[in-house]
Structure formats: C-alpha cells, structure tokens
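# Structural characterization, general
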Amino acid sequence: MNAWNPTRDALRTALVLAVLGEPTRLPAPASVDLQRFWHQFDATAPAHLRWGFEAATVLLGAVLPALLGHGRTLPHMTAAARDAYIHRVAGLPVAADLIQIVKVVAALGYFADEGVEDAARGVSP
Amino acid sequence: MNHIDGRSLSSPLTLTTDVVIVGSGPAGAAAAREAVARGARVVVLEAGRWFEPGEHPRSAFDAMALLYRDMSASVVIGRAPMPYIQGKMVGGSSPINGAICWRLPRDVHEGWLRADPALGDALPWAVLEALTDELEERLHVRPTDPAVAGPKNLLMARGAEALGIEHRPIRRNVSGCEGSGRCIQGCPTGRKRSVDVTLLADALDGGATLISSVEAEGIEVDGAVAQGVRGLSASGARVRVVARQAVIVAASAVQSPVLLLGSGLRHGPVGQHFQCHPGVSMAGRFPDPVRMWEGATQGHEVIGLRGEGLKFEALGFGLGVLAGRLDGVGSTFARELDDLAHQLDWGVAVKAEAHGRVRRVAGRTVVTWSPTDRDVAKFRRGLRVLGEMMLAAGADHVAPGVRGFTPRTASVGDLIRLEQDGPTHPMAFTSAITHMFGTCRMGSDAAQNVVRPDLRHHTVERLFVADSSVFPTNLGVNPQLPIMAVATVCARRALGLDAGGAPMAATPRRHPHIPEVPMAAPSIIRPVIRGVEPALALTLEDLMGMNASQLHAVLERGHALDPDTLAGRQYLGVDLSLPELARKVLWHTFRKTFVRDEDSGEVRGWNVKMEQHGIDGARIPRRSWRGEPVTFGHYRVRSAAGQRFPRQWRGAHFLDYTTAGNLPIDPAGLGFTPLVAVNAASQDLLLGWEVFKVGPAFVPTPLYWALRYEGPVEHQVAPPRPARRHSA
C-alpha cells in the first residue's frame with residue numbers, strides 16, 4: 001500500500017458520509033464498513049468512472065474546501081461543517097455534476113451493505 | 001449439458017462445428033436453438049460467465065459489478081454523456097432485463113418494407129408472426145398478474161386512467177413470478193423465462209456446445225469466405241472455432257460491429273446508423289408507502305403515446321440505484337433516504353431519431369451519439385406526462401430531475417412549462433440508453449447496408465449477423481422478441497433454408513475445401529489473413545486499419561522481396577503500431593531507401609527522418625544544419641534462410657542492421673527485421689516487423705511498419721563506418 005491510499009480512502013469515505021448525511025431510520029453511514037465495496041469498486045468499475053470518481057474525491061474533498069476557505073480537508077471537518085460545505089458546493093457549477101457522480105456511488109456503496117438493505121426493506125413508517 | 005467454462009481453460013482449444021454463434025443473448029440463443037433443431041452442430045461463444053439463479057446478487061451494486069458490461073457505466077459520447085446498459089453473462093441482457101415482451105409492431109415492419117421492398121421476401125410478416133407466436137409460448141409471455149404487480153404498477157394504471165391515456169399490464173416472460181422486484185439483478189427465484197433457461201437450454205439439450213467467458217476477438221476469413229472465430233478465454237487460453245457452414249454474429253448492436261471492424265471487415269456502413277431508446281425518469285413522493293422495490297419490476301406500461309415515440313413504464317430498481325436518484329445532498333438527502341418507502345420512479349423510453357456511430361479506437365469500443373433537439377423535446381414531453389400521471393395517481397409532489405428546473409413540484413402548470421419552456425440541452429436531463437439498433441443494417445443496397453436482406457454479409461460468404469444491429473430502424477418498443485424472431489430466420493438462412501424454413505434450391509450446404517479439424521487438436525488449417533480478403537490487393541490504408549495479430553498474419557503470408565527491384569527505390573515508411581487515435585495525433589513517418597552497394601553487390605539502405613506535417617501533409621525530409629537529410633539506422637537486405645526468427649516466421653528476407661556500419665549509439669543497430677512484399681508480383685507495398693537481436697537472442701516486439709513506394713532514391717548516403725562482413 002502506498003502513502004496515497006490511506007489519504008484517498010479517508011477522503012472518499014468522508015465525501016460519501018457528507019453526501020449521505022445522517023438518516024435516522026437506517027443504519028448510520030459511518031457505521032457501515034465500506035472496505036469490501038471500495039475493493040470491488042476499484043476492481044470492477046471502468047476506468048472513466050474510477051478516475052472520474054478519483055478526481056471528484058480530490059476536488060471535493062481537498063481542493064474546494066481550501067479554495068472556499070474552510071481551512072481543512074473534508075475528513076477533518078465537523079459533521080455540521082461538512083453538511084454546510086456539501087450543501088454549498090452542490091450549488092456550484094461543475095461541482096454539482098461531480099456530486100451527482102459521488103451520490104450515485106455513495107448510494108450504491110451504502111446499500112451494498114446487507115444491514116442497510118435489510119433495514120430499508122423493513123422500514124414502514 | 002455441453003458447457004465449457006472459459007475461466008477454467010488451461011490450454012488452447014480448437015473446435016470444429018457446422019455453425020459458430022458469437023453471443024448467447026436473445027439473438028444468439030434463438031439462432032442456436034433453430035440451428036440445432038435443423039440438425040446442425042452448433043458452438044456458442046459467450047463473453048460473460050454462467051450464473052445459476054441462486055447466484056444472482058441482491059444488492060444493486062453487486063449485480064452491476066457481476067452481471068453488467070462495464071458495471072453498466074459504458075457511456076455514449078456526444079452532447080451529453082449517457083450510460084448505455086448491457087448485460088454480460090450467458091443469456092446476454094435477457095436475464096437482467098425487465099422481462100418486457102413486445103411483438104414487432106406492424107407499422108415498424110411496414111416502414112422497413114417501404115424503405116426496401118426486398119425485405120418483404122426476406123422477412124415476411126406472416127413468418128415473423130408465426131415465429132413470435134411460438135416464442136411467446138416457449139417463453140411463457142403473459143400479462144402481468146395484478147396479484148404480484150405491487151403499488152408502483154397499480155398506481156401507474158390509476159394515473160393513466162385518470163388522464164385517459166391507453167395503458168395495460170406489461171406482457172412479460174415469467175412463470176410463477178413472486179413479485180420480488182429484482183428482475184434487473186437477475187431473478188432470485190428463477191421465475192423469469194430468460195433465454196438462458198429457455199432457448200439456449202433447448203439448444204444445449206439438443207447438443208449445442210456453449211463456451212462461456214470467452215471474448216470473441218476476430219472472425220477468420222479466407223478468400224472472402226468466413227472460416228470461424230477466434231477468441232480469448234478469461235483464463236488467457238486461445239480458443240478457435242472453425243465453422244464449416246456459417247459464422248453467425250449475434251453479439252449486440254455495439255459488440256457486433258466492433259467484432260466486424262476488429263476483423264478488418266469494414267464493408268458498408270458498419271458501426272454507423274446507431275439508433276437507440278434513451279430513457280428519462282420522474283420521481284414522485286406518495287403519501288402512503290409504495291415500497292418501490294416490491295412487486296413486478298416492470299409490470300405496467302402506458303402505450304397511448306407510442307405514435308409520438310413515447311412509451312411509459314413503471315420502473316423497479318435495486319435500492320442502491322433508487323437512492324442514487326433521490327433529491328438533495330447531506331441532511332436533505334438523509335431525509336429522502338428516511339422516506340424511501342414513499343418514493344416512486346417511472347420512466348419513458350423515447351424512440352429517438354438521432355443516429356450515432358460505433359467505432360473501435362485503439363482496441364476499445366467508442367459509441368458516439370447525441371440526441372437531436374426533437375429528441376430532447378420528447379424528453380420534456382415525456383417528463384410532463386409522467387409528472388401529470390403521478391399527480392393524478394395521488395403523488396404529493398414530483399421531482400423531474402432536470403437541471404435548471406424546479407427540483408420538485410405539485411403543479412401541473414409547472415409540468416406544462418417544463419415541456420414548453422424547459423431546458424433544451426440534453427445535459428440537463430438524467431438519462432440512460434437501452435435497446436440499440438442499426439449498426440450492421442440489413443438491406444439490398446450493398447453500399448448502404450452491411451448485410452443483405454437474408455442477413456448474409458454483403459461481401460463475405462457464410463457470415464451472418466442476427467441481432468438488433470441489422471434492424472434498419474429502432475422500434476419504439478422492447479426488442480427482445482423481434483430479435484429472437486429475426487435471429488431464427490437468420491439461422492434458417494445460414495443453413496440454406498428460406499425464411500419459413502423450407503429448403504432453397506441450389507444452395508451449397510458446405511464448402512468442401514475446408515478440412516475437418518478434430519476437437520481439441522492443434523490447428524492444421526493453413527494460416528489465413530484473419531479478417532482480410534487475400535484475393536484483393538491490400539493498401540497502406542488497409543494495413544493501417546489492422547491490429548497486431550492481423551498484421552502478423554499478413555507478414556506470415558507475405559511474398560519474397562526482389563532485391564533487384566528494390567535497388568534504387570525509396571519508400572515512405574509508416575508506423576503501424578500506434579493506436580489509431582495516437583497515430584492521428586502523432587503521425588509518425590520515415591523514409592527507407594534501397595541502393596546496390598558497389599563494393600559488396602548487396603542491396604543496402606538507410607532511414608531518413610521526416611518532418612511531421614500531419615497525416616496528409618507533404619513528405620519532407622528533415623535536414624541537418626548543413627542542409628543534408630538526417631539519416632539513421634543503416635541496414636542490408638539479407639536472405640533469411642538459415643535464420644530462426646521468433647514466432648517461427650519463415651519469410652525470405654530481412655533487414656540486418658547489426659552489420660551495416662551503424663554507430664554503437666544508434667539503437668537501430670540491433671535491428672534484425674523481417675520484411676515482406678504485401679501483395680504478390682508487386683514491390684510497391686512492404687511490411688516490416690521490428691525484431692532486435694541482442695547477442696544470440698532475438699527480441700520480438702509488437703511493432704510493425706509499412707513501406708509504400710515513393711520513387712527513385714533522391715540522395716545517397718554512406719554508412720557512418722564500414723559495414724562488417726557477415727557469414728551468410
């Protein structure tokens with residue numbers, strides 16, 4: 001494993017958590033182990049999706065927080081700051097498109113967890 | 001069952017059969033079943049792997065990763081990148097589609113006949129109808145049972161009824177459906193009557209052989225007659241299937257033209273006229289839980305606007321896909337997730353008028369397609385109707401998912417405004433493409449079509465195409481049944497029968513000059529130029545369109561050089577090893593010369609560096625500060641007799657750089673390069689293969705270059721140092 005991997009994993013996990021928010025009727029996204037998902041995603045996703053997601057991770061997780069004056073990268077923000085940030089960038093051109101990609105990947109990763117799928121199917125308000 | 005799993009092949013496999021079929025989807029399975037029923041021996045090659053019903057994953061992501069080509073993230077390139085969805089497994093997309101079955105619409109068939117009356121004899125309506133009747137029985141096609149429809153389908157019926165638009169339960173190929181809502185992940189209970197468990201199973205029961213997990217790499221053609229198919233298994237083993245009667249390509253409207261192009265079969269508009277059904281969808285929130293993941297995946301459709309090219313369907317996604325389509329991010333998105341049970345998605349499939357193209361670029365598949373403005377107008381109209389139906393069915397609000405438009409509304413006025421004044425750029429819409437057509441179009445005009453009305457290739461005998469790539473237009477409806485019907489006719493044609501299955505007079509059944517090759521025996525068929533018609537003279541452009549294995553086949557079959565003719569000539573050299581796109585950008589050329597050495601009597605030569613002025617630019621030598629052409633890499637033409645070249649090449653001559661007097665710093669000085677004349681009785685087009693010799697060892701490379709005759713040598717150059725004598 002090179003030094004980039006832990007940083008990348010921290011960035012993309014933080015990004016997924018920021019996009020998913022904190023649903024109350026489903027398992028907390030932070031409690032879901034995404035390692036199996038990331039492993040399969042890296043192994044299976046076509047190059048354009050993998051690299052597109054990689055670019056979105058770096059841009060949304062590290063570059064834009066700095067440019068927008070947050071002073072720290074996404075993994076180091078509080079939950080509230082993360083939520084405010086993700087809402088803010090969702091309104092920016094280009095960033096909004098990248099967030100759509102991240103949202104699709106995040107949703108797939110979240111529901112790839114058996115516990116989340118079971119909980120969702122059992123949800124009956 | 002005769003199933004060979006390509007994942008476990010450990011050595012090359014060669015089979016001989018009557019008919020080889022590439023692809024096991026609706027087209028390939030139907031063709032295989034018919035061919036077997038008519039007594040032919042059949043081998044089916046399939047790129048995807050075999051899955052048992054119990055193996056189908058539950059999560060949407062796992063399904064996409066395992067069952068879909070490129071994780072269903074292949075995209076068309078154009079004004080708006082859109083994913084196009086294809087399955088990659090035994091059965092093609094059939095095991096993971098929504099099980100929707102439509103007969104070929106009469107108006108579509110009539111349109112084909114108006115454009116080309118010859119199709120009337122080749123694909124008679126009565127034959128297609130009879131075949132479809134039989135297929136519907138075999139696949140157990142029935143209207144969706146309301147007992148398993150679930151809320152999403154019943155609500156669509158309610159909404160369409162309220163608006164007075166014709167609608168009906170979808171006719172699906174299922175038997176005993178339990179409404180588990182997982183059609184697109186592969187039925188977990190095996191209730192879908194997809195082709196892998198019906199038509200293909202029939203073919204296998206009748207003796208066909210299925211080889212799964214083998215990607216077809218090329219069609220072997222000799223003398224304008226298809227000989228077979230070669231492929232590569234997932235385990236890395238070479239697979240070759242020799243077909244004594246026919247090669248049927250049934251790999252889809254994307255993969256079939258790519259296979260033809262990769263085999264050098266560029267006749268006609270292969271890859272062009274790509275048509276499709278792009279779809280857009282509308283989300284809606286209902287006051288009562290609708291639990292979109294329950295009930296028949298796609299059980300109801302609204303067909304009243306089919307004349308406008310719009311067909312509406314209830315959708316059923318895995319939870320991961322459904323969630324990804326919800327509105328908002330962060331805390332807003334989390335609230336939508338909590339509300340997931342109330343969310344619905346319905347879609348509209350658009351019969352788009354736009355044409356695109358499938359290409360093979362640097363060995364990869366590239367699809368270009370952009371919707372026209374009228375197509376985008378159909379997106380807007382479709383979304384308006386979807387929204388109105390949802391509101392009429394009782395939705396609290398709807399979410400059009402259109403960038404630059406209100407994210408959610410409960411106002412019909414807003415929806416009318418969306419249709420009339422909404423965004424006109426396709427990037428504003430979230431869309432996906434299913435059902436692709438037209439890239440190997442059938443028709444009687446050889447210049448405008450790839451295959452004839454009887455589905456036989458226009459220039460290659462015994463080669464047929466059976467899938468939706470032959471359809472002259474898109475259908476506006478789900479194509480799997482029409483594909484199966486046409487593929488059945490294709491199999492009959494391949495066996496020398498008419499569309500109805502009756503024998504045709506004076507149709508050769510077999511080509512006796514093709515020898516039998518026993519199962520699993522080493523290939524004894526003489527080398528052929530795969531995908532090239534050797535009866536025709538090849539051009540530089542032909543060579544530039546070939547991949548490395550095709551170039552090597554040309555090299556193996558090449559003709560001896562005539563040193564007397566070569567002496568005094570200079571040739572334009574073109575690097576063939578760069579991928580097509582890179583070649584267009586970089587355009588690497590050089591010049592090679594040949595002169596008779598006065599001292600030794602041998603023919604020798606040297607390379608001249610050329611200025612790069614684009615692919616069609618002037619061929620100007622690069623000059624040194626003294627104004628002389630910059631030269632490098634001197635060589636001598638030598639007989640290859642007694643040399644043992646890599647890959648058992650046994651040509652007549654090679655260029656020996658090692659003894660030609662090159663400076664030690666010139667890397668070309670290691671060259672030991674086979675060179676042949678490409679066409680018989682002509683020294684105007686030569687093909688070289690870059691091989692180096694380091695000490696006693698040969699170092700072969702995948703690099704090839706071509707030489708095209710330019711004219712007499714303009715300028716003579718001596719080698720930098722005296723050439724060494726060599727022992728012949």
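Residues numbered from 1 in each chain as written. Chains lettered and ligands numbered in written order. Predicted model: local features only at pLDDT ≥ 70, side-chain atom pairs only at ≥ 80, totals over all residues. Heavy atoms only, no water.

### Focus on the overall build of chain A
- Across its full length, chain A carries six helices and zero strands.
- For chain A, the α and β elements follow one another from N to C terminus as α-α-α-α-α-α.
- The C-alpha atoms of chain A give 14 Å as radius of gyration, which agrees with the globular expectation for 125 residues (14 Å, within 12%).
- Its C-alpha atoms give chain A principal-axis dimensions of about 40 × 35 × 25 Å.
- With the model as given, the accessible surface of chain A reaches about 5800 Å², and the carbon-plus-sulfur share is 61%.
- Positive and negative charge centroids in chain A, built from 10 and 11 side chains respectively, lie 5 Å apart. (Helix = DSSP H or I, 4+ residues; strand = E, 2+ residues; numbered from the N terminus. Rg over C-alpha atoms; globule rule 2.2 N^0.38 Å. Areas by Shrake-Rupley, 256 points an atom, 1.4 Å probe, with all protein chains shown as cover. Lys, Arg positive; Asp, Glu negative; His and termini not counted. Charge placed at Lys NZ, Arg CZ, Asp CG, Glu CD.)

### Topic: the interface of chain B and chain A
- Listed per partner, the contact involves 35 residues of chain B and 38 residues of chain A.
- It is Arg 58, Phe 61 and Asp 338 of chain B in chain B that bury the most area against chain A; as a group they hold 23% of the surface buried on that side.
- Here chain B is connected to chain A by four salt bridges.
- A salt bridge links Arg 58 of chain B to Glu 114 of chain A, with the shortest nitrogen-to-oxygen separation between them at 2.9 Å.
- Across the contact surface, chain B and chain A share 14 residue pairs in polar contact (both at pLDDT 80 or more).
- Of all elements in the fold, only α2 (60-67), α9 (319-324) and α10 (330-338) of chain B reach the threshold of two or more residues within the side of chain B that touches chain A.
- Here the side of chain B that touches chain A is built from residues that sort into 18 nonpolar, nine polar and eight charged. (Contact = heavy atoms within 4.5 Å. Buried area = accessible area lost by both parts, 1.4 Å probe. Salt bridge = Lys/Arg side-chain N within 4 Å of Asp/Glu carboxyl O. Polar contact = N/O pair within 3.5 Å; in protein donor to acceptor, adjacent residues only side chain to side chain. Nonpolar A, V, L, I, M, F, W, Y, C, P; charged D, E, K, R; others polar.)

### Examining the confidence of the model for chain B
All names here are of chain B.
- Of all residues in chain B, 92% have pLDDT values of 70 or greater, and the mean over the chain is 89.
- The low-confidence segment residues 506-535 (pLDDT under 50) makes 67 contacts with residues lying over four places distant or belonging to another chain.
- Predicted complex metrics record ipTM = 0.94 and pTM = 0.74. (pLDDT = per-residue confidence, 0-100.)

### Structural notes on the environment of His 109 of chain B
Residue and element names in this part refer to chain B.
- The topology assignment puts His 109 in helix α3 (residues 106-115).
- By relative accessible area, His 109 is classed as buried at 2%.
- Leaving out residues up to four positions away in the same chain, His 109 has contacts with Leu 104, Leu 123, Pro 124, Trp 125 and Leu 128.
- At 2.8 Å, the side chain of His 109 forms a polar contact with the backbone oxygen of Leu 123. (Buried < 20%, exposed > 50% of the residue type's maximum accessible area, 1.4 Å probe, protein only.)

### Brief notes about the domain arrangement of chain B
- On domain assignment, one finds that chain B holds domain 1 (1-51 + 89-140 + 193-271 + 439-500) and domain 2 (522-712).
- Inter-centroid distance (C-alpha atoms) of domain 1 of chain B to domain 2 of chain B is 40 Å. (Domains from an automatic or database assignment.)

### Some points on the pairing of strand β13 (residues 275-285) of chain B
All names here are of chain B.
- Extensive coverage of β13 is indicated by the burial of 10 of its 11 residues.
- Summarising the sheet, β13 and strand β20 (residues 431-437) pair through six bridges and their orientation is antiparallel. When the sheet's bridge partners are listed, Cys 276 is paired in β20 with Met 436.
- In terms of strand pairing, β13 meets strand β16 (residues 343-350) through seven bridges, oriented antiparallel. Each residue of the ladder has a partner; that of Met 282, found in β16, is Trp 346. (Pairing = 2+ DSSP bridges.)

### Remarks on the packing of helix α2 (residues 35-44) of chain A against helix α3 (residues 47-67) of chain A
Residue and element names in this part refer to chain A.
- Look at α2 against α3: their axes get within 8 Å of each other, and the N-to-C directions meet at 130 degrees. On the basis of the axis angle, α2 is oblique to α3. From α2, Trp 38, Phe 41 and Asp 42 reach across to α3, where they touch Leu 49, Arg 50 and Phe 53.
- Partitioned by chemical class, the residues of the contact of α2 with α3 number four nonpolar, no polar and two charged. (Axes fitted to C-alpha atoms, helices over the stretch in contact; angles between N-to-C directions. Parallel < 35°, antiparallel > 145°, perpendicular 65-115°, else oblique.)

### Let's talk about the nonpolar core
- Counting 104 residues, the largest nonpolar core has Phe 41, Leu 60 and Phe 111 of chain A together with Phe 312 and Trp 346 of chain B as the members making the most contacts within it.
- The element contributing the most residues to this core is helix α5 (residues 95-111) of chain A, with 10 residues.
- Ignoring sequence-local partners within four residues, the contact set of Phe 111 of chain A consists of Leu 26, Val 116, Glu 117 and Ala 120 of chain A together with Ser 59, Leu 319, Gly 320, Ala 323, Leu 337 and Leu 340 of chain B.
- Membership of the second largest hydrophobic core comes to 94 residues, among which are Leu 9, Val 90, Val 214 and Ala 226 of chain B. (Core = buried A, V, L, I, M, F, W, Y, C linked by side-chain atoms within 4.5 Å.)

### What about the pattern of salt bridges?
Residues and elements named next belong to chain B.
- Under the counting rule described, the total for this entry stands at 56 salt bridges over all chains.
- Here Asp 597 and Arg 604 are joined by a salt bridge, their closest N and O atoms 3.1 Å apart. The pair formed by Asp 597 and Arg 604 is uniform in burial state, with each residue classed as buried.

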